[in-house]
Amino acid sequence: ALLGERAGVRGLPVLEQRVYRLIFQGGPFPYSKDGMVFANRERLLPAKKRGFYREYTVAPPNASSRGARRIVCGGPRRSPEVCYYTADHYASFQQIVP
């Protein structure tokens, strides 16, 4: 399934855990695109109104690009209803469970 199993926060790699915590703190985020609307063009996440999902970069320190890893959260910015992790630039997602 493209929307795979769930992943507990503690089961995520350290950088992913750090970004996940930053989302609930409201940042700061290293990339200007962090917090931008994620359009769900791939239609792998449950259908919601535009603007529901926002994406955040998970990139190693000093990386030359944003890479492929993202966390996509839906709902209010500092208290998302649901978050998903993708390691392959939106080809598949795992729901993150607190």
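See above for the structure.
Not measured: the values here are computed from a predicted model.

The rules behind each value
Residues numbered from 1 in each chain as written. Predicted model: local features only at pLDDT ≥ 70, side-chain atom pairs only at ≥ 80, totals over all residues. Heavy atoms only, no water. Phe/Tyr/Trp six-rings, centres within 6.5 Å; stacked < 30°, edge-to-face > 60°. Helix = DSSP H or I, 4+ residues; strand = E, 2+ residues; numbered from the N terminus. Buried < 20%, exposed > 50% of the residue type's maximum accessible area, 1.4 Å probe, protein only. Salt bridge = Lys/Arg side-chain N within 4 Å of Asp/Glu carboxyl O.

Engineer: Would you mind going over the packing of aromatic side chains with me for this structure?
Structural biologist: The full count for this structure, using the stated rule, is 8 aromatic pairs. Ring geometry for F29 and Y56: centres 5.0 Å apart, planes at 40°, overall tilted. Here F29, found in the loop between α1 (14–25) and β2 (36–37), pairs with Y56, found in strand β3 (residues 53–57); they are 27 residues apart in sequence, far enough to count as distant. Judged by relative accessible area, F29 falls into the partly exposed class, the value being 26%. Ring plane angle 45° and centroid distance 4.9 Å describe the contact between F38 and Y90, whose orientation is recorded as tilted. Of the two residues, F38 sits in the loop between β2 and β3 while Y90 sits in the loop between β5 (82–86) and β6 (93–97), which places them 52 residues apart along the sequence. F38 sits in the buried class, given a relative accessible area of 5%. Of the residues examined, Y90 reaches a relative accessible area of 8% and is grouped as buried.

Engineer: Can you help me understand the pattern of salt bridges in this one?
Structural biologist: One side chain can pair with another of opposite charge once the charged atoms of both are near each other. Evaluation of the coordinates by the stated rule reveals 3 salt bridges. The partner of E55 in a salt bridge is R66, with the nearest N and O atoms 3.5 Å apart. Taken together, the residues span a long stretch of sequence, with E55 in strand β3 and R66 in the loop between β3 and β4 (70–74) at a distance of 11 residues. Its relative accessible area of 19% is what places R66 among the buried residues. The salt bridge partner of E55 is R70, with a shortest N-O separation of 3.3 Å. In this pair, E55 sits in strand β3 while R70 sits in strand β4, placing the two residues 15 residues apart along the sequence. The two residues E55 and R70 agree in class, both being buried. Among the charged side chains, a salt-bridge network with shared partners connects E55, R66 and R70.

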